[in-house]
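An overview of the molecular structure
One letter stands for each residue in the lines below.
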Amino acid sequence: MINRDLITRNINSRNTSNTYLPHPAVITEVITENSQIKTFVLEFTDKTLNTNFSYESGQFVMLSVPHHGEAPISISSTPTRPGNIHLSVRIAGRLTTALHKMEPGMTLGIRGPYGRPFPVHIMEGRDLLFVAGGIGLAPLRSVINYCLDRTGRYGTMTILYGSRLPSDIAFRQDLDIWSTLPGITCLTTVDTPEPGWTGHVGVVTTLWDHIQISPSDCTALVCGPPMMIKFVLRDLAGMSFSPDFVITTMERHMKCGVGLCGHCYMGGKLVCTDGPVFSMAELKDMDIEELR
Amino acid sequence: MKILKLEKSDLDKWLAEWMKSSPVYAPVQSGFGSFYDWARLEQGRMPELLPGVPKSSIKTFLFPQPETLEEFSADPADPSAFILKAPKTAEQLTIIAGVRPCDARSVSLNALPYAKDPYYSNRLRNTALVGFTCETQCSTCFCTRTGGLPTGTEGLDIAITRMDNTFLAEILTQKGELLAEAGRTGTDAGGDALSRLEQSRKNSGSPVSSADDPAPILREKDLMALYQAPFWQEIAEPCLNCGACTFLCPTCYCFDIQDEVIRDRGRRIRYWDSCMFPLFTLHASGHNPRGLKLQRVRNRFMHKLKYFPERFGPISCVGCGRCIRECPVNIDIREVYTDLLAI
């Protein structure tokens, strides 16, 4: 039988808020992270909304760029530092190309936040391992800074960041700060060195030998290109990390962000509302193209 | 529930009265040949109810394309340029007459995910569905295998059934009552009308229960077992990925959103999209998680028959048979049912 109550209840409650309507937000600053990634600092023009906009690390917004429609972009700032939100965007398609040409003072549209955030509650009291590749550091930057701002709630933090080239290393401001903080191990590596590079060379999984972690007390958060996620998850499973404590995020083409448009179906799960954050335990029961 | 008895002339009068204040749509035979499809009725142009369903589904009314989600100015001199605003929505009743029970049921099924969608719920509130129960079942009809019935009233405001040479109209909702009043004719069919209606249905040999509804069985099956079933390759092999099934299907509700700018005016529009197309899932990076035909065909059937029932209960199919009728390579969703149920 069709659940009539659900329909009647929703139809009769006339929707005063329109979930598809973006809120105007002004670019206050553009940080060039590398040749392909820029971080846009945004403030809602509605001052009340700007103060009250609440989100959690790992969530995303639908970003409207004039003429070019919308794209889902994860929030790279932390809710512990309110007043603006950061969106770190790699130039890839039409919309992001147009976005990269925009400057402070220009207006964009934002609706959201959407999606299931990182499970910061189950991470409390545990050591944290963050593994990121390229633009994958954007959502992790949010949760790393969140954990730093919640002093004393989390154990030791290890951050591993892989880039293709030294000149591709993004979020340098953050990496510099994290490297100097006590209780944090922050290592970067590059696939291919360039003249002057004295750091680690090799994919991010070659850093395992340089860190000390105790898998039973540790939660791992992994975000990066599909190939990286695949190998990192495989190695973490080999180190006997519990699949419930290995967390990653998935990426899918999306149009609505609210579980209707059907684009982001991934083996029965909707990445927009059931994700984008998933534990390895959840992914194990699904057929994920990228992880096969 | 009230049941009214109507002569053919009373029905004509109802439609004529409704047309005075609301747009009324119904299936008619086109003047150009084989098309039997929805059209706006005018005085003198009455519905022609052929057996089965019209060519296009009822989603053209409740989930129309394009749907303007927002409008904006694209004039750079305008201080509010690119600030999106929702269009004004009219609270005008639209009447759709001659709706078959399968199409009517699709409206309720789509309302499960779409109940919170402001555009869909607004249209649902402002649309009245007047249905005709089915006397004939076409070779492509299979509503009883989806949880529906040829005499089902789910989603309808008024359900009309022919009995002998008169019509019995079940007034099912408040909206239906308003319509019956506005029709200004019809007599009370008497207290035993419902039992006479049921008896007549029984006598006609039309199915009285949807015992073949696969939803309860499919909900219980292991998702991965269905997903990894060996028959997907065989089902997908002849598919051309033309998308005809998804566009004709009353319960296919996936959409795309695009910005359209013409000179100084822009609008953000929503229109039907199809999971049969490779572009449906293509990332800007070039990565495509459903790049293979098999993955796309499987996604369509799994969404309808497993993902949807897991979330909402019933399967997302009403058995109208349009996809079977129009598929250029004769893919038959009934065979997919059989295959899935056998896993």
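Look above for the structure.
Now for a quick tour of the structure. (Residues numbered from 1 in each chain as written. Chains lettered and ligands numbered in written order. Predicted model: local features only at pLDDT ≥ 70, side-chain atom pairs only at ≥ 80, totals over all residues. Heavy atoms only, no water.)

Let's talk about the overall build of chain B
Selection rule: Helix and strand definitions follow DSSP, with helices as H or I runs of at least four residues and strands as E runs of at least two, each counted in order from the N terminus. C-alpha atoms define the radius of gyration in this analysis, and the globule rule sets the expected value at 2.2 Å times the number of residues to the power 0.38. Think of it in three bands: with a 1.4 Å probe and only protein chains considered, a residue is buried below 20% of the maximum accessible area for its type, exposed above 50%, and partly exposed in between. Residue contacts are counted whenever heavy atoms from the two residues lie within 4.5 Å of one another. Every accessible area reported is derived by Shrake-Rupley at a probe size of 1.4 Å, with residue values counting cover from the shown protein chains alone. In this tally, Lys and Arg are treated as positive and Asp and Glu as negative; His is ignored, and so are the chain termini. In plain terms, the charge of a residue is placed at NZ if it is Lys, CZ if Arg, CG if Asp and CD if Glu.
Helix and strand counts for chain B come out as 13 helices and eleven strands. Its C-alpha radius of gyration of 22 Å places chain B within 12% of the 20 Å reference for a compact globule of 343 residues. Its C-alpha atoms put chain B at 65 × 60 × 40 Å along the principal axes. Residues counted as buried form 57% of the 343 residues belonging to chain B. A sequence separation of at least 24 residues applies to 72% of the contacts in chain B between residues at least 6 apart. Summed over its atoms, the accessible surface of chain B is roughly 14,700 Å², and 52% of this surface lies on carbon and sulfur atoms. In chain B, which carries 41 positive and 41 negative side-chain charges, the distance between the mean positions of the two groups comes to 1 Å.

Looking at the nonpolar core
So the rule is basically this: In these notes, a set of buried Ala, Val, Leu, Ile, Met, Phe, Trp, Tyr and Cys residues joined through side-chain atoms within 4.5 Å is what counts as a nonpolar core.
Counting residues in hydrophobic clusters, the biggest one holds 48 residues, and the most contacted among them are A:M266, B:W232, B:I235, B:F301, B:I333 and B:L340. Not counting residues within four places of it along the chain, the set of residues in contact with B:I333 comprises B:F142, B:F301, B:K304, B:C317, B:C323 and B:I324. Counting residues in hydrophobic clusters, the runner-up holds 33 residues, among them B:F63, B:C102, B:A111 and B:I257.

Concerning the sheet that holds strand β9 (residues 184–190) of chain A
Residues and elements named next belong to chain A. Definition in use: A pair of strands is labelled paired if DSSP reports no fewer than 2 bridges between them. Here an angle of 0 to 180 degrees is reported between the N-to-C directions of two axes, which are lines fitted to C-alpha atoms, with helices fitted over the stretch in contact.
The mixed open sheet is built from seven strands, whose spatial order is β10-β9-β8-β7-β11-β12-β15. Both edges of this open sheet fall to β10 (200–201) and β15 (277–279), since each of them pairs with a single strand only. Here β9 pairs with β10 via two bridges, running parallel. Directly across from V190, in β10, lies its bridge partner V201. Sheet contacts for helix α6 (residues 172–180): β8 (157–163) and β9; angle to β9, the most-contacted strand, approximately 135 degrees.

Some details on the pattern of salt bridges
A side chain of one charge can pair with a side chain of the opposite charge if their charged atoms are brought near each other. Spelled out, the test is: Only one rule defines a salt bridge in this text: a Lys or Arg side-chain nitrogen within 4 Å of an Asp or Glu carboxyl oxygen.
Considering all chains together, one arrives at 25 salt bridges over all chains under this definition. For A:R81, the salt bridge identified is with A:D149, shortest N-O distance 2.8 Å. Highlighted residues: A:R81 in the loop between β4 (69–74) and β5 (85–90) and A:D149 in helix α5 (residues 137–149), separated in sequence by 68 residues. Note on A:R81: relative accessible area 41%, which makes it partly exposed. Residue B:R123 pairs with B:E67 through a salt bridge whose shortest N-O separation is 2.5 Å. On the criterion of sequence distance, the pair formed by B:R123 in helix α4 (residues 118–125) and B:E67 in strand β4 (residues 67–73) is long-range, its members being 56 residues apart. Residue B:R123 is classed as partly exposed on the basis of its relative accessible area, which comes to 30%.

Observations regarding the interface of chain A and chain B
Heads up, the rule is: The term buried area refers to how much accessible surface (probe radius 1.4 Å) is lost by two components on association, counted for both of them together. Basically, the charged four are Asp, Glu, Lys and Arg, the nonpolar ten are Ala, Val, Leu, Ile, Met, Phe, Trp, Tyr, Cys and Pro, and anything else, Gly included, counts as polar.
The partner chain B presents 57 residues to the 50 residues of chain A that form the contact. Between chain A and chain B the total buried area reaches about 4,300 Å² when both faces are included, carbon and sulfur atoms providing 58% of it. A salt bridge links A:K255 to B:D256; the nearest nitrogen and oxygen atoms lie 2.9 Å apart. Contributions of two or more residues to the side of chain A that touches chain B are made by α1 (4–12), β3 (60–65), β4, β6 (107–114) and β14 (269–270) of chain A. Examining the composition of the side of chain A that touches chain B, we find that five residues originate from one element, α1(A), more than from any other. The residue makeup of the side of chain A that touches chain B, split by class, is 18 nonpolar, 16 polar and 16 charged.

Some words on helix α5 (residues 174–183) of chain B
All names here are of chain B. Note the cut-off: Each direction from the helix axis to a C-beta atom contributes to the arc, which is the arc of those directions.
Of the residues making up α5, those classed as buried are G176, L179, A180 and G183. Down the axis of α5, the sector holding all buried residues measures 100 degrees, keeping them to one side. Residues of α5 that are exposed and angled more than 90 degrees away from the buried face: Q174, L178 and E181. Next to the buried residues of α5 lie β1 (2–6), α1 (8–21), β5 (94–99), β6 (127–132), β7 (158–163) and β8 (166–171).

What to know about the pairing of strand β12 (residues 246–249) of chain A
Residues and elements named next belong to chain A. What counts is decided by this rule: A crossover gets the label right-handed when its path from the first strand over the helix to the second runs clockwise, viewed with the strands pointing away from the viewer.
Burial of β12 is two-sided: the residues V246 and T248 facing one way and the residues I247 and T249 facing the other way are all buried. One crossover worth recording links strand β11 (residues 218–223) to the parallel β12 by way of helix α7 (residues 226–238), and it is right-handed. Relative to β15, β12 is paired through three bridges, and the arrangement is antiparallel. Counterpart to T249 in the pairing with β15 is V277.

Regarding the sheet that holds strand β11 (residues 265–272) of chain B
Residues and elements named next belong to chain B. The strand order β4-β11-β10 describes an open sheet built from three strands, whose pairing is antiparallel. The open sheet has two edge strands with one neighbour each: β4 and β10 (255–262). Here the strands of the sheet are splayed against their neighbours by 20 degrees on average, with no regard to which way each runs. Of the strand pairs in this sheet, β4 and β11 are connected by six bridges, and their pairing is antiparallel. Looking at β11, one finds that S73 is bridged to R265. Its contacts with the sheet place α4 against β4 and β11, and it is angled at close to 120 degrees to β4.

From the geometry alone we can't say anything about function, so treat these as descriptive.
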